[in-house]
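What follows is the residue order along each chain.
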Amino acid sequence: MAADKIPWQTARIGAIASVTPRVKSFRFEGLAGRHRAGQHVEVRLTAPDGYSAQRSYSIASAPGDAAGLELMIEGLEQGEVSSYFAGVAEVGDEVELRGPIGGSFVWSPEDEGPVLLVGGGSGVVPLLAMIRARFAARSETPMLLIYSVRNLAEAIALDELQVRARDAPGFDLTLLTTREGATAGRRIDRVMIETALDHVGKPRHVFVCGSNGFVGSVSDLLVDAAVKPGIIRTERFGG
Ligand SMILES: Cc1cc2nc3c(=O)[nH]c(=O)nc-3n(C[C@H](O)[C@H](O)[C@H](O)COP(=O)(O)OP(=O)(O)OC[C@H]3O[C@@H](n4cnc5c(N)ncnc54)[C@H](O)[C@@H]3O)c2cc1C
């Protein structure tokens, strides 16, 4: 169904948790989600004077997660919608949601792999849903996440990702901090992409998500590394 034909539904915020200094998690009650990992929802906020604004947010939770649908939203200074979530939203608030939306940026365990995921900043959110779906299904499909963040404090779900990389057979994490530690000043480069490809194996699916610039440069590196453009799926968050 076309996204604009999906009806809006009212959803109540059931829980809010801090994920990083700039990102909060929002759980919506009663929406366990018949989505596929990688999909997003649209969120609409309406002011008392009737002015409304809507934005897209990726679903962080695995399909069927009993704790409810989870979104992870980065608060942008002056951001019309994200600043509401960063500073105003409270448990019990109701917002309008519609979805799930997105037909190509999706992965399910039965799609198998190997799977290469490349995320920048909050662009890891839909990739996290894929990692969670793989874990929930006890899949051992080879999957590797390259995750680029400015510093460790800004890494979303870092503990969860590190535990999966340690314990989940076939899942690996390459974490790049671009503004601190030994990799300060480095960006995802061809060597990193080729090392990841050697490790995970010839990929069947590649998903890249982040800001416009991030997605563009990573896609170019993948093509330079002889990944077929047809298997590279991208999601651009803006910025
Ligand atoms: C399919 C899809 C999924 C998305 N999923 C998520 C998600 O899971 N979590 C999340 O936090 N965001 C996500 N986004 C981004 C989100 O939709 C909004 O664009 C973002 O929250 C900014 O909206 P705003 O109203 O707060 O800012 P606006 O008022 O629209 O913009 C404020 C300022 O921020 C700049 N800006 C807008 N978007 C970004 C951005 N992404 N990064 C940096 N600067 C930006 C604008 O150019 C402007 O200068 C997703 C976007 C898409 C298209």
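Residues numbered from 1 in each chain as written. Predicted model: local features only at pLDDT ≥ 70, side-chain atom pairs only at ≥ 80, totals over all residues. Heavy atoms only, no water.

Peer 1: Before we move on, can you summarise unusual backbone geometry with the specific residues and values?
Peer 2: Here Gly99 and Pro100 are connected by a cis peptide whose omega angle stands at 0 degrees. Its place among the elements puts Pro100 in strand β6 (residues 94-101). In the segment running from Gly113 into Pro114, the intervening peptide bond is cis, with an omega of 0 degrees. Locating Pro114 in the fold gives a position in the loop between β6 and β7 (115-120). In this structure, Gln78 is a non-glycine residue whose phi angle is positive, near 70 degrees. With respect to the element layout, Gln78 can be found in the loop between β5 (69-74) and α1 (82-87). Although it is not a glycine, Ala157 sits at a positive phi angle of roughly 55 degrees. By secondary structure assignment, the location of Ala157 is in the loop between β8 (143-149) and α3 (158-167). (Helix = DSSP H or I, 4+ residues; strand = E, 2+ residues; numbered from the N terminus.)

Peer 1: So what's going on with helix α4 (residues 190-200)? Which residues, and what values?
Peer 2: Met192, Ile193, Ala196, Leu197 and Val200 are the residues of α4 that are buried. Buried positions in α4, seen along its axis, are confined to an arc of 135 degrees and lie on one side of it. Turned more than 90 degrees from where α4 packs its buried face, Val191, Asp198 and His199 sit exposed. For α4, the elements touching its buried residues are β7, β8, β9 (171-177) and α5 (212-224). (Buried < 20%, exposed > 50% of the residue type's maximum accessible area, 1.4 Å probe, protein only. Arc of directions from axis to C-beta. Contact = heavy atoms within 4.5 Å.)

Peer 1: So what about the site of the ligand? Which residues, and what values?
Peer 2: Taken together, 20 residues sit near the ligand, with Arg55, Ser56, Tyr57, Val81 and Ser82 positioned nearest. Here a nitrogen atom of the ligand and a backbone polar atom of Ser58 are 3.1 Å apart. Ser82 has a polar side-chain atom sitting 2.6 Å from an oxygen atom of the ligand. About the coverage of the ligand: the protein hides 70% of its 910 Å² of free accessible area. It is strand β4 (residues 52-58) that provides the largest number of residues to the shell around the ligand, a total of 4 residues. Of the residues contributing to the shell around the ligand, the split by class is 7 nonpolar, 8 polar and 5 charged. (Near = heavy atom within 4 Å. Polar contact = N/O pair within 3.5 Å; in protein donor to acceptor, adjacent residues only side chain to side chain. Areas by Shrake-Rupley, 256 points an atom, 1.4 Å probe, with all protein chains shown as cover. Nonpolar A, V, L, I, M, F, W, Y, C, P; charged D, E, K, R; others polar.)

Peer 1: Before we move on, could you go through the layout of surface pockets and cite the residues and values that matter?
Peer 2: Of the voids in this model, the largest pocket is the one considered here, and its volume is about 1100 Å³. Glu74, Gly120, Ser122, Ser211 and Phe237 are, among the 42 residues lining the largest pocket, the residues nearest its centre. Those elements that provide at least two residues to the lining of the largest pocket are β4, β5, β8, α5 and β11 (232-236). Per-class residue counts for the lining of the largest pocket are 15 nonpolar, 17 polar and 10 charged. Of the residues that make up the lining of the largest pocket, three or more belong to each of domain 1 (3-101) and domain 2 (109-236). (1 Å grid on protein atoms, 1.4 Å probe; cavity = no way out; pocket = protein on both sides within 12 Å on 5 of 7 lines; lining within 4 Å. Points joined across faces, edges and corners; volume = space filled by probe spheres on them. Domains from an automatic or database assignment.)

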